[in-house]
Amino acid sequence: MADGQPKGGALAIAVVPLLIVGGAFSFLLMGGDDGCAPIPASGSGNTVSVSIDPNTVPDTIIAGYNHEQLVNAAHVIQAGKDLGLNVRDQTIGVMTAMGESSLRVVDYGDAAGPDSRGLFQQRDNGAWGSYDDRMDPYISSTNFFKAMMQIQDRESLEPTIVAHQTQGNLDPYHYTPFWGPAVEVVESLSGTSTGLNPGNPNPGGECASDVPGVVSASGWAAPGAGPITSPYGGRVHPIYGDYRFHSGTDLAAGGCDGPIWAAQDGVVTFRGFDDAGNGTITVDHGGGVQTKYLHMYESGLLANVGDKVTAGQQIAATGSSGQSTGCHLHFMVIVDGETVDPEAYLAQVGITLG
């Protein structure tokens, strides 16, 4: 499970190219005039959180968790509340405790034998406090949140990545299955609709812009707005740290829930998630040319298989599913079955990416 080392700024440096995007576009998360009302970002001065007194937790079962586990979830929620965190942060805390201990204050560590204790499997390394601190659900939650608060631009990151950067889990996506249950537990205990989607951990909610893209004289359109955050070609993988070939061009694409546009007229041939969990839409333009759009959440997959789309038509909303460390668009151009550099290819048809 986790290595028990509080993360934050030090580890976040490894994904600076994508975190810069979150900072540059963080204002997009605050909502606007489109009727969307996402939870305000932590530290915005208008933080929305929920509250539940652990002593009032009903003796019931929620999302498969019993009374004892729900009381511990309430301690997590209250610790976040007392630190002034928003409901998304609170829910990430509950999700992490689910993934680490199944919401139990356990007095033992992993099979490998580290001295990990409590709701968050925190180690005896001085960073997480004393044994008594680690075994106290409220104090251990407080220490977890304090470490989490060091992560730069966490509002733009998928919840499992926030948890991973705080806990240092060997698998960055270990916590993903616990997001839905965490949302259910937080809403049920607080009696509040959080606005968080159990099936979509996107910090921006489910709203998406419907602004059409600009089409060039050649009939092509840029697939997304914003700067290029990672070009086509070889690079060090931002999650796994090894050198790999990057098969597309990454665009900021308006930040979380920004519009993604079809690059050319065509027919949608794939909508769903690939083997790596990347939300994907594939459009066939004929003549051996296809384009792919990756990292959307389920709610951001706005086109269906068989749909005839036109250049500049919004087909998706930017997300951070699968192998992603922050909301962005991974855009691919495939010619006769082989990927090509999207930046160079679109430049030939009058489109400048970024």
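Look up a bit, the structure's there.
Owing to the predicted nature of the structure, the values given are computational and were not obtained by experimental measurement. (Residues numbered from 1 in each chain as written. Predicted model: local features only at pLDDT ≥ 70, side-chain atom pairs only at ≥ 80, totals over all residues. Heavy atoms only, no water.)

A closer look at the overall build of the protein chain
For the protein chain, the helix and strand inventory stands at 9 helices and 14 strands. Counting all 354 residues of the protein chain, 53% fall into the buried class. In the protein chain, the proportion of contacts linking residues at least 24 apart, taken out of those at least 6 apart, comes to 65%. Carbon and sulfur atoms provide 52% of the accessible area of the protein chain, an area that totals close to 13900 Å². (Helix = DSSP H or I, 4+ residues; strand = E, 2+ residues; numbered from the N terminus. Buried < 20%, exposed > 50% of the residue type's maximum accessible area, 1.4 Å probe, protein only. Contact = heavy atoms within 4.5 Å. Areas by Shrake-Rupley, 256 points an atom, 1.4 Å probe, with all protein chains shown as cover.)

A short note on the packing of aromatic side chains
Counting across every chain of the model gives 5 aromatic pairs. Here F120 and F144 contribute two aromatic rings whose centre-to-centre distance is 4.6 Å and whose plane-to-plane angle is 10°, an arrangement assigned as stacked. Pair noted here: F120 is in the loop between strand 1 (116-117) and strand 2 (122-123) and F144 is in helix 6 (residues 137-148), with a separation of 24 residues, a long-range link. With relative accessibility at 0%, the residue F144 sits in the buried group. Relative to F145, the ring of F144 has its centre 5.5 Å away and its plane inclined at 65°; by these criteria the two rings are edge-to-face. The rings of F120, F144 and F145 are connected pair by pair, giving a single aromatic cluster. (Phe/Tyr/Trp six-rings, centres within 6.5 Å; stacked < 30°, edge-to-face > 60°.)

Comments concerning the packing of helix 4 (residues 87-101) against helix 8 (residues 179-190)
At a minimum axis distance of 8 Å, the contact between helix 4 and helix 8 shows a crossing angle of 120°. Classed by the angle they form, the pair helix 4 and helix 8 counts as oblique. Seen along the crossing, helix 4 lies across helix 8 with a hand that is right-handed. Of the residues in helix 8, those touching helix 4 at V87, R88, T91, I92, V94, M95 and M98 are W179, P181, A182, V183, V185 and V186. For the contact of helix 4 with helix 8, the per-class residue count stands at 11 nonpolar, 1 polar and 1 charged. (Axes fitted to C-alpha atoms, helices over the stretch in contact; angles between N-to-C directions. Parallel < 35°, antiparallel > 145°, perpendicular 65-115°, else oblique. Left-handed = near helix turned anticlockwise from the far one by under 90°. Nonpolar A, V, L, I, M, F, W, Y, C, P; charged D, E, K, R; others polar.)

Digging into the nonpolar core
Ranked by size, the top nonpolar core spans 39 residues in total, and within it V94, M148, V185 and L189 carry the most contacts. If you list the elements that add at least two residues to this core, you get helix 3 (67-82), helix 4, helix 6, helix 7 (159-167) and helix 8. Looking at this core, the element that brings in the most residues is helix 3, giving 7 residues. What V94 contacts, discounting residues up to four positions off in sequence, is A73, V76, I77, L103, A182 and V186. M296, Y345, V349 and I351 belong to the second-largest nonpolar core, a separate cluster that totals 25 residues. (Core = buried A, V, L, I, M, F, W, Y, C linked by side-chain atoms within 4.5 Å.)

Some points on the environment of G248
Relative to the helices and strands, G248 resides in the loop between strand 5 (243-246) and strand 6 (249-251). Sequence separation between G248 and T339 is 91 residues; the distance between their C-alpha atoms is 7.7 Å. Dropping the residues within four chain positions of it, G248 is found in contact with S230, P231, Y232, H330, F331, M332 and P342.

Quick word on helix 8
An ideal rise of 1.5 Å per residue puts 16 Å on 12 residues; helix 8 measures up with 16 Å between its terminal C-alpha atoms. Within the span of helix 8, buried status applies to W179, G180, A182, V183, V185, V186, L189 and S190. Tucked inside the fold, the buried residues of helix 8 contact helix 3, helix 4 and helix 7. Of the residues trailing helix 8, G191 is marked for its positive phi of about 65°. (Expected span 1.5 Å × (residues − 1).)

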